[in-house]
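If you want the building blocks of each chain, they are given just below.
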Amino acid sequence: MDVVSDAISAVHLGHPWFQRVRASGSWCARLDAYDGAGFHVVLKGNCRLLTDGGASVSLGVGDAVLLPHGTGHVIADARLDAEVAARKAVPFEQWLGETSPRARPDRDGTEMICGRYWLDCSRMHPLMTELPEVVHLPSRVGTHLELRAAIDLLAGELDEARPGSCVALPNLLDLLLVYMIRAWMTETTSGAWPSALGDSVTAAALRAMHSHPAAPWSIDRLAAEAGVSRPTLARRFTTLVGRPPMAYLTWWRVILAATLLRDTKETLATIADRVGYGSPYALSHAFQREFGTTPGRYREATNRRATSDASTR
């Protein structure tokens, strides 16, 4: 897999939750902070978004916005400040109960998809933690064609009850997450990870480690994959990624092991082999150093949390 896919897969839990909303008149709703990533896509009309951190965004038709860290925020029909938001905003769930997704809004109404992705924030890849509080992707002709296509497909699935929609919708929403992150990477001018993946040497080493994490990598083999000398790889990789190549590989193998502990029933020995450790003991030692707990206790805790989260969704 590639780095972006791995970064998302490591934290992604289950299917996204979403709701189609049609609203008209004056309205103001609040979504509290949570472990996950929120998103809104405007299909008709316009609205305003104000985060707890003070970021204010105006959203129009075709715009998408991602809140990758689950920041609490308010959405409303008009511009507002924190004081007005605190006074006027009603809880999102209450607001949903007061709006009818089947009702047709008036000509000046707003229609959008509101939702969230469930994420395990305990082991976020630095690419994900680097995302800003708000990723606003306005609709502009000729830009982010995959994102625009995904939004159009979503709107089409929502407009008609089609065979297979129960499978198509959550998968389209997962694609939406990928396309929003990809779009941010092409637009940002300050992110370390877009720079790392845009550097041919660093990207080649990352691609090798993520494609074959269990391979017996060494700094020499990674340098050969990247087509440069050891010092060149070490210098460029460490500058852009923030840690040396072999340190990153060790960290990623443990993160991958955590994902397998969470998502599979494979034995520790099998997982150790899949992520490049010679024995369960070696993996357990590295895992405890990174997470502060044993693999077995980690698996038990994630299973309990998954059961608890499923009962509240």
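Under the counting rule described, the total for this entry stands at 11 aromatic pairs. Between F237 and Y248, the ring centres sit 5.9 Å apart and the planes meet at 65 degrees, which makes this aromatic pair edge-to-face. With F237 in helix α10 (residues 230-241) and Y248 in helix α11 (residues 245-263), this residue pair connects regions lying 11 residues apart in the sequence. Residue classification places F237 among the buried positions, given a relative accessible area of 0%. For the ring pair W251 and W252, a centre distance of 6.2 Å and an interplane angle of 45 degrees mean the geometry is tilted. Across this residue pair, the class does not change: W251 and W252 are buried. Pairwise contacts between aromatic rings join W193, F237, Y248, W251 and W252 into one cluster. Stacked on the ring of W17, the Lys or Arg R116 has its end atom at 5.7 Å from the ring centre. Directly above the aromatic system of W217 lies the positively charged group of R221, at a separation of 5.0 Å from the ring centroid.

Strands belonging to one sheet form pairs held by backbone hydrogen bonds; the direction of such a pair is parallel or antiparallel. The five strands are arranged β1-β9-β3-β6-β10 in an open sheet whose pairing can be described as antiparallel. Each of the sheet's edge strands pairs with one partner strand only, and the pair in question is β1 (12-23) and β10 (135-137). With strand direction ignored, the average angle separating the axes of adjacent strands in the sheet is 15 degrees. Two elements, strand β3 (residues 36-44) and strand β6 (residues 64-67), share four bridges in a ladder whose sense is antiparallel. Each residue of the ladder has a partner; that of G38, found in β6, is L67. Relative to the sheet, helix α5 (residues 145-159) contacts β1, β3, β6, β9 (110-119) and β10, its axis offset from that of β3 by approximately 75 degrees. Where helix α6 (residues 165-187) meets the sheet, its contacts fall on β1, β3, β6, β9 and β10, and the angle it forms with β1 comes to roughly 95 degrees.

In this section: the state of the cysteines. What makes a disulfide is a covalent bond joining the sulfur atoms belonging to two cysteines. Inspection of the entire model under this criterion finds zero disulfides. This cysteine, C28, is not joined by any disulfide, and C47 carries the nearest cysteine sulfur, 11 Å off.

On to the pattern of salt bridges. On inspection of all chains with the given rule, the structure shows 10 salt bridges. Close ionic contact of E187 with R140 constitutes a salt bridge, the shortest N to O distance being 3.0 Å. A residue pair is termed long-range when its members are at least 10 positions apart, and E187 in helix α6 and R140 in the loop between β10 and α5 qualify at 47 residues.

Time to look at unusual backbone geometry. Here the phi dihedral of H144 falls at roughly 50 degrees; this positive angle occurs in a residue that is not glycine. Assignment of secondary structure puts H144 in the loop between β10 and α5.

Turning to the confidence of the model for the protein chain, a few remarks are in order. Mean pLDDT over the protein chain: 90, with 95% of residues reaching 70 or higher. No element of the protein chain has a lower mean pLDDT than helix α14 (residues 295-312), which averages 78, and none a higher one than helix α9 (residues 219-226), which averages 97.

Thresholds applied
- Every residue gets a number counted from 1 within its own chain, in the order that chain's sequence is written.
- Thresholds applied to this predicted model are a pLDDT of at least 70 for local features of residues and 80 or more for the giving and counting of side-chain atom pairs; totals over whole chains, interfaces and linings are not thresholded and use all residues.
- No hydrogens and no water enter the side-chain calculation; it runs on all heavy atoms of the structure.
- The criterion for an aromatic pair is that two Phe, Tyr or Trp rings (for Trp, the six-membered ring) have centres within 6.5 Å, with stacked assigned to planes under 30 degrees apart, edge-to-face to planes over 60 apart and tilted to the rest.
- Helix and strand labels come from DSSP, where a helix needs a run of H or I of at least four residues and a strand needs a run of E of at least two; each type is numbered from the N terminus.
- Summary of the burial criterion: residues with accessible area below 20% of their type's maximum are buried, those above 50% are exposed, and those between are partly exposed, where the area comes from a 1.4 Å probe applied to protein chains only.
- By definition here, charges over rings are those cases where NZ of Lys or CZ of Arg is within 6 Å of the ring centre and within 35 degrees of the ring normal.
- Whether two strands pair comes down to DSSP finding at least two bridges between them.
- Lines fitted to the C-alpha atoms define the axes, with helices restricted to the stretch that makes contact. Angles between their N-to-C directions range from 0 to 180 degrees.
- Any two residues having at least one pair of non-hydrogen atoms within 4.5 Å are treated as being in contact.
- When two cysteine sulfur atoms are found within 2.5 Å, that pair is recorded as a disulfide.
- In what follows, salt bridge is the name for a side-chain nitrogen of Lys or Arg lying within 4 Å of a carboxyl oxygen of Asp or Glu.
- Known as pLDDT, the predictor's per-residue confidence is scaled from 0 to 100.

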